[in-house]
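The residues making up each chain are set out below.
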There are 2 protein chains.
Amino acid sequence: MKRHAPTLEDVARAAGVSRATVSRVVNGVRNVDPDIQELVRHAIARTGYAPNRAARSLVTRRAETVALVISGAGDGFAARVFADPFFGRIVTGALGHLRARAMHPVLLFAESEAARSQVVDYVRQGSVDGALVVSVQGDDPLPGLLLSSRIPTVLFARPSRPMPVSYVDLDNRAGARLAVGHLLARGCRRIASICAPQDLSAGRERLAGFREALAEAGQVDPPVAEGAFTLDSGVRAMARLLAEDAGIDGVFVANDLMAQGACQLLREKGKRVPEDVAVVGFDDSSIAVTCRPPLTTVRQPVEEMASAMAKLLADAVQAAPAADSGVLIFQPELVVRESA
Amino acid sequence: MKRHAPTLEDVARAAGVSRATVSRVVNGVRNVDPDIQELVRHAIARTGYAPNRAARSLVTRRAETVALVISGAGDGFAARVFADPFFGRIVTGALGHLRARAMHPVLLFAESEAARSQVVDYVRQGSVDGALVVSVQGDDPLPGLLLSSRIPTVLFARPSRPMPVSYVDLDNRAGARLAVGHLLARGCRRIASICAPQDLSAGRERLAGFREALAEAGQVDPPVAEGAFTLDSGVRAMARLLAEDAGIDGVFVANDLMAQGACQLLREKGKRVPEDVAVVGFDDSSIAVTCRPPLTTVRQPVEEMASAMAKLLADAVQAAPAADSGVLIFQPELVVRESA
DNA sequence: ATGAAAGCGCTAACAG
DNA sequence: CTGTTAGCGCTTTCAT
């Protein structure tokens, strides 16, 4: 048995041609005699050859790989990410586009200072050609680090502090207005909100849209409680809201997971959803369907957005090292189910 | 501005030493004069040098990276994976160990034939030193492919067909017996099960343990319905069970997600949990806590198992190419909450 | 259309 | 303790 994996050299010898020819066949470069191609393919199959990525990457200066970084913080971060279908949609969307471009996606978690710098090292070492990053935390230092390392980067959602970087985002303000409009239309008179962390651009925008729409309808200073995107935090926020004003008859919640939490608490407090309190979520994640009752929610076209993100990155990688940044804003859509 | 990233050569020049010396400093090899070390470190910082992974990997024949492959099938596979906290626990556990060994985890999805062969290519190209694989599907061809590519591999759970590969697993049979024992002890007389896919070893073992324990207590041929680990399938399986025998007063469900589905259906049918029907889940995932009522469940020490898996792999990578396979079996534990 | 040869950036003997 | 040197496996001009 051979010690090492077969190399181009081995295949060349087996086929009786030069390394260069085998390389051409492997890479599908034309200008190779069909007969010889056949010969080489045979030799490849016989030897069980697989190109060595490191060697190739060393000369092409390409890894054919992009990082998909989920950046946040706290204990059990990975566990939390895996409890939220939202990320599954992002991964699905990005995968679709990357597979087509024959780019390998590599999922990385940056949940701590140490992990973050490991991620930065990883990309700086040329292991990937670029990074797609999803921050769950406001003021995430990662985009800045990546940017100053001159790594092609595309963010999901606008960075909390302005910087020259590409990103895709949802028109969050419009989403909130959609939700409030629906609540108003079904006759709610006392509307509250469980908002997202305010250090996140999306969190601020959704709250701003909520307040604007409500102000236009004449309700000022509505009850608001902040959650952290988790189910638990939704339960607690709803409890606070009820304590503040027991007469609430409509709630706009900044994501589906917290909306599910709100529904749970409401039921425990003897309130019927939507008869006593109508609830509108955000994201249209799979939870919206499995929740009891199924959630009326603001649909974010996550898969499309993630796919666009991948496309933006692929373009940036292909182009000059410093391609100019692109921004893509998507429009939300209201999906009416039973909770409101 | 420089065209390319700085290389060892650049740093060496800047520090007035040879490439080898810089390399030694970078890799923490001793035998380097402290003063020179300082000098070199300075030069590294000034130039913003980061070692090129491809070049290093080419000579060391190490990628310092392992793949964590989640293998299954079907549309929206990634989405389903991200809806199940179980995987989050695996990732968390594996990450802990890998980070300590300065190994980079790369999460890969093998949800289709095409994706699977991409994964195999990826590992065969030497992009990773080994693979940790979690199959959600019986008869997964991936372990076999990896094995015949002579890639160090460790599986989560026993492969459906015997093969010389390392794996960690739970004593699933014991877990089922724990659950049945509890149901029996609380007085259930008519116990059913929502089992997992029977092409999975874990599915077969849990069902076997269930039947054994019940047979010993004198209940033969209990009602059984198969689910697919998803919430939806749990709902449907529970409906079938009830249709078959309305007198069921206890259910052993093969995972928490399906148990949640069962609880939902039970409630809709006007049955109280646990008063009318007691439900025991499996895994002790985060769902067990957030479910209403919180689930009594069989705890699987997933994080520990995943960590052990990573350790097994790291050892295999360090050792000879063909280190002998190791098998580690963990014991389950019953966690009593409110559902039974 | 094919081959020869020059590196890509790094590590690891081997000298000194 | 430090420098010199020989590749690792591959792509890519440049000849032929």
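Bear in mind the structure is a predicted one, so any value in this text is a computation, not a measurement. Along each chain, numbering runs from 1 in the same order as the chain's sequence is written. Each chain takes a letter, starting from A, and each ligand takes a number, starting from 1, following the order in which they are written. The predicted nature of this model means local features are confined to residues of pLDDT at least 70 and side-chain atom pairs, given and counted, to a pLDDT of 80 or more, with totals for whole chains, interfaces and linings taken over all residues.

Trainee: Would you mind going over the protein's contact with DNA strand C with me for this structure?
Mentor: To decide whether a residue is near a molecule or strand, its C-beta atom is placed from the backbone and checked for lying within 6 Å of it. In the neighbourhood of DNA strand C, 27 residues make up the surrounding shell, with Asp33(A), Thr7(B), Leu8(B), Ser23(B) and Ala55(B) lying closest. By the criteria applied, helices consist of DSSP H or I runs no shorter than four residues and strands consist of E runs no shorter than two, each listed in order from the N terminus. Secondary structure elements with two or more residues in the surface near DNA strand C: helix H2 (19-26) and helix H4 (53-60) of chain A together with helix H1 (8-15), helix H2 (19-26) and helix H4 (53-60) of chain B. Per-element accounting of the surface near DNA strand C gives the leading share, 5 residues, to H4(B).

Trainee: So what exactly am I meant to see when it comes to the protein's contact with DNA strand D here?
Mentor: Neighbouring residues of DNA strand D: 26 residues in total, closest Thr7(A), Leu8(A), Ala55(A), Ala20(B) and Asp33(B). Looking at the surface near DNA strand D, the elements with two or more residues in it are H2 and H4 of chain A together with H2 and H4 of chain B. The greatest single-element share of the surface near DNA strand D, amounting to 5 residues, is contributed by H4(A). Classification convention: Asp, Glu, Lys, Arg as charged; Ala, Val, Leu, Ile, Met, Phe, Trp, Tyr, Cys, Pro as nonpolar; all other residues, Gly among them, as polar. Class assignment of the residues belonging to the surface near DNA strand D gives a composition of 13 nonpolar, 9 polar and 4 charged.

Trainee: In this structure, what is going on with the pairing of strand E5 (residues 166-170) of chain A? I would like to understand it.
Mentor: Within a regular beta strand, the side chains point alternately toward one face of the sheet and then the other, so they alternate between its two faces. Residue and element names in this part refer to chain A. Here E5 lies mainly inside the structure; 4 of its 5 residues are buried. Two elements, strand E4 (residues 153-156) and E5, share 3 bridges in a ladder whose sense is parallel. If you follow Leu155 over to E5, its bridge partner there is Tyr167. Bridge count between E5 and strand E11 (residues 327-330): 4 bridges; the pairing is parallel. The exposure scheme places C-beta atoms from the backbone and then counts, for each residue, the other C-beta atoms within 10 Å of its own, assigning buried at 20 or more, exposed at 12 or fewer, and partly exposed in between. DSSP calls a pair of strands paired once it identifies at least 2 bridges connecting them.

Trainee: Looking at this model, I keep getting lost on the environment of Gly203(B). Mind explaining?
Mentor: All names here are of chain B. For Gly203, the location among the structural elements is in helix H10 (residues 201-216). Measuring from C-alpha to C-alpha, the distance between Gly203 and Val317 comes to 30 Å, with 114 residues separating the pair along the chain. Every residue in contact with Gly203, bar those within four places of it in the chain, is listed here: Cys195, Ala196, Pro197, Gln198 and Ala254. Here, residues touch in the contact sense if the C-beta positions derived from the backbone fall within 7 Å of one another.

Trainee: Looking at this model, I keep getting lost on the interface of chain B and chain A. Mind explaining?
Mentor: As a measure of interface size, the accessible area lost when the parts come together is often cited. On the side of chain A, 36 residues touch chain B, which itself brings 36 residues to the contact. Looking at the side of chain B that touches chain A, the elements that each hand over two or more residues are H4, helix H5 (77-81), helix H6 (85-100), strand E2 (104-110), helix H7 (113-124) and helix H13 (286-290) of chain B. Residue classes in the side of chain B that touches chain A are distributed as 19 nonpolar, 12 polar and 5 charged.

Trainee: In this structure, what is going on with the relation of the copies chain B and chain A? I would like to understand it.
Mentor: Mapping between the two chain copies consists of a rotation about an axis together with a translation along that axis. With an RMSD of 0.1 Å, the operation that places chain B on chain A is a rotation of 180° combined with a shift of 0.0 Å along the axis. In short, the pair behaves as if placed about a two-fold rotation axis. The overlap is high: 100% of the interface residues of chain B also sit at the interface in chain A, so the same surface is used on both sides. The fit set for superposing copies consists of C-alpha atoms from residues with pLDDT of at least 70 in both; the fit itself is least squares.

Trainee: Teacher, can you tell me more about the nonpolar core here?
Mentor: Remark: nonpolar core denotes a set of buried Ala, Val, Leu, Ile, Met, Phe, Trp, Tyr and Cys residues whose joining runs through C-beta atoms within 7 Å. Ranked by size, the top nonpolar core spans 159 residues in total, and within it Leu132(A), Val279(A), Met309(A), Leu132(B) and Met309(B) carry the most contacts. Residues in contact with Met309(A), not counting those within four places in the same chain, are Ala94(A), Leu132(A), Val154(A), Phe156(A) and Val168(A). Formed by 48 residues, the second largest nonpolar core is a distinct cluster that contains Leu178(B), Leu200(B), Ala213(B) and Ala278(B).

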